[in-house]
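Remarks on the overall topology
The chain contents come next:
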Amino acid sequence: GDSVTQMEGPVTLSEEAFLTINCTYTATGYPSLFWYVQYPGEGLQLLLKATKADDKGSNKGFEATYRKETTSFHLEKGSVQVSDSAVYFCALSDDKAAGNKLTFGGGTRVLVKP
Amino acid sequence: DTGVSQDPRHKITKRGQNVTFRCDPISEHNRLYWYRQTLGQGPEFLTYFQNEAQLEKSRLLSDRFSAERPKGSFSTLEIQRTEQGDSAMYLCASSRAVVLETQYFGPGTRLLVL
């Protein structure tokens, strides 16, 4: 079946540091890939997505590139802010899965210190 | 703001009691999803509806769980004879019935079974 594996946290960084969160996946079909973010006390929000190989999703300074050859979708940001402190979830939606249901990784908590 | 709403936001119940949660999707969305998120984990798919039809149920959804979407608008998720293992955040999401369309999540209902 489908699965998503992402690096465990927590990840603690200083402001303006470079952030990378690794994500790898296995899928039966041809998936679309997503990063969702959960800020403290809030619901899940879509951060970015990519629907085919070599696509780059980007939003709010975050980027992730769909790498089919390595089955990866790593999230990066060049200079983090305190406001980026949140839990980040990598997810996939398999085109073979009914209803485009999402399969999530376990989440990575990021804490950015001033 | 006409995002996905869920009610209640928090529920504390005693083991063996029945609970019901409600989800109101974004009005033009005809797909509605339920996920469950336990502490420190990513969300796991439970079930989804397209209009009023329930099209898939996860093996996680035991016979104590039932979901309905009677008029293709709001949905309810009922848990009968709750157990301590049911304690979790129950998330609702909605989307249009378009291939790989983005799912938008509600704030969740946090259930604690004592």
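Preceding block: the structure.
The structure displayed is predicted, hence computed values, not measured ones. (Residues numbered from 1 in each chain as written. Chains lettered and ligands numbered in written order. Predicted model: local features only at pLDDT ≥ 70, side-chain atom pairs only at ≥ 80, totals over all residues. Heavy atoms only, no water.)

Focus: the nonpolar core
Our working rule: The term nonpolar core refers to a set of buried residues drawn from Ala, Val, Leu, Ile, Met, Phe, Trp, Tyr and Cys, joined through side-chain atoms within 4.5 Å. Relative accessibility decides the category of a residue: with a 1.4 Å probe and only protein chains considered, values under 20% of the type maximum give buried, values over 50% give exposed, and everything between is partly exposed. Helical segments are the DSSP runs of H or I of at least four residues, strand segments are the runs of E of at least two, and each set is numbered from the N terminus.
In this structure, A:Trp35, A:Phe73, A:Leu75 and A:Tyr88 are the most contacted members of the largest nonpolar core, which totals 26 residues. Looking at this core, the elements that each hand over two or more residues are strand E2 (11-14), strand E3 (19-21), strand E4 (23-26), strand E5 (31-38), strand E6 (44-50), strand E8 (62-65), strand E10 (86-94) and strand E12 (108-113) of chain A. Counting residues per element, this core draws most heavily on E10(A), which supplies four residues. Counting residues in each nonpolar core, the second largest holds 19 residues, with B:Ile26, B:Ala88, B:Cys92 and B:Val113 among its members.

Looking at the state of the cysteines
For clarity, the threshold we go by: The definition used for a disulfide is geometric: two cysteine sulfur atoms within 2.5 Å.
Applying the stated criterion to the full structure yields two disulfides over all chains. Two residues, A:Cys23 and A:Cys90, share a disulfide whose sulfurs are 1.9 Å apart. Because the torsion about its S-S bond is -70°, the bridge between A:Cys23 and A:Cys90 counts as left-handed. Taken together, the residues span a long stretch of sequence, with A:Cys23 in strand E4 and A:Cys90 in strand E10 at a distance of 67 residues. Here B:Cys23 engages in a disulfide with B:Cys92; their sulfurs sit 1.8 Å apart. Between B:Cys23 and B:Cys92, the S-S dihedral sits near -70°, and the bridge is therefore left-handed. One end of the pair, B:Cys23, is in strand E3 (residues 19-24); the other, B:Cys92, is in strand E9 (residues 88-95), and 69 residues separate them in sequence. For B:Cys92, a relative accessible area of 0% puts it in the buried group.

Digging into the interface of chain A and chain B
Heads up, the rule is: What makes two residues a contact is simply this: any of their non-hydrogen atoms within 4.5 Å. Note: buried area is the sum, over both parts, of the accessible area (probe 1.4 Å) each one loses when the two are combined. A side-chain nitrogen of Lys or Arg and a carboxyl oxygen of Asp or Glu constitute a salt bridge if their distance falls within 4 Å.
Counting residues at the interface gives 18 residues for chain A and 22 residues for chain B. Both sides together, the interface formed by chain A and chain B hides about 1600 Å², and carbon and sulfur atoms give 52% of it. Contact with chain B buries surface across chain A, with A:Leu44, A:Asn100 and A:Lys101 losing the most and accounting together for 30% of the total. At the boundary of chain A with chain B, the tally comes to one salt bridge. The closest approach of N and O atoms between B:Glu56 and A:Lys101, which form a salt bridge, is 2.6 Å.

Quick word on the pairing of E3(B)
All names here are of chain B. Keep this limit in mind: Here, any two strands with at least 2 DSSP bridges between them count as paired.
Across the two faces of E3 the burial differs, with Val19, Phe21 and Cys23 buried and Thr20, Arg22 and Asp24 not buried at all. Where strand E1 (residues 5-7) and E3 come together, three bridges link them in antiparallel fashion. Bridge pairing in E3 places Ser5 opposite Asp24. Of the pairings in the sheet, the one linking E3 to strand E8 (residues 75-79) comprises five bridges and is antiparallel in character. Bridging from a neighbouring strand, Thr20 pairs with Glu78 of E8.

Considerations on the side chain of B:Ser95
Mapped onto the elements of the fold, B:Ser95 is located in strand E9. With residues up to four places along the chain from it excluded, the contact list for B:Ser95 reads B:His29, B:Asn30, B:Arg31, B:Tyr33, B:Glu101, B:Thr102 and B:Gln103.

Observations concerning unusual backbone geometry
Residue A:Pro10 is reached from A:Gly9 by a cis peptide bond, and omega for that bond is 0°. You can see A:Pro10 is positioned in the loop between strand E1 (3-6) and E2. The step from B:Asp7 to B:Pro8 runs through a cis peptide bond, and the omega angle for that step is -5°. Topologically, B:Pro8 is positioned in the loop between E1 and strand E2 (10-13). A positive phi angle is found at B:Asn51, which is not glycine, with a value near 55°. Take B:Asn51: it is sitting in the loop between strand E5 (44-50) and strand E6 (53-57). The backbone phi angle of B:Arg81 is positive, close to 50°, even though this residue is not glycine. Positionally, B:Arg81 belongs in the loop between E8 and E9.

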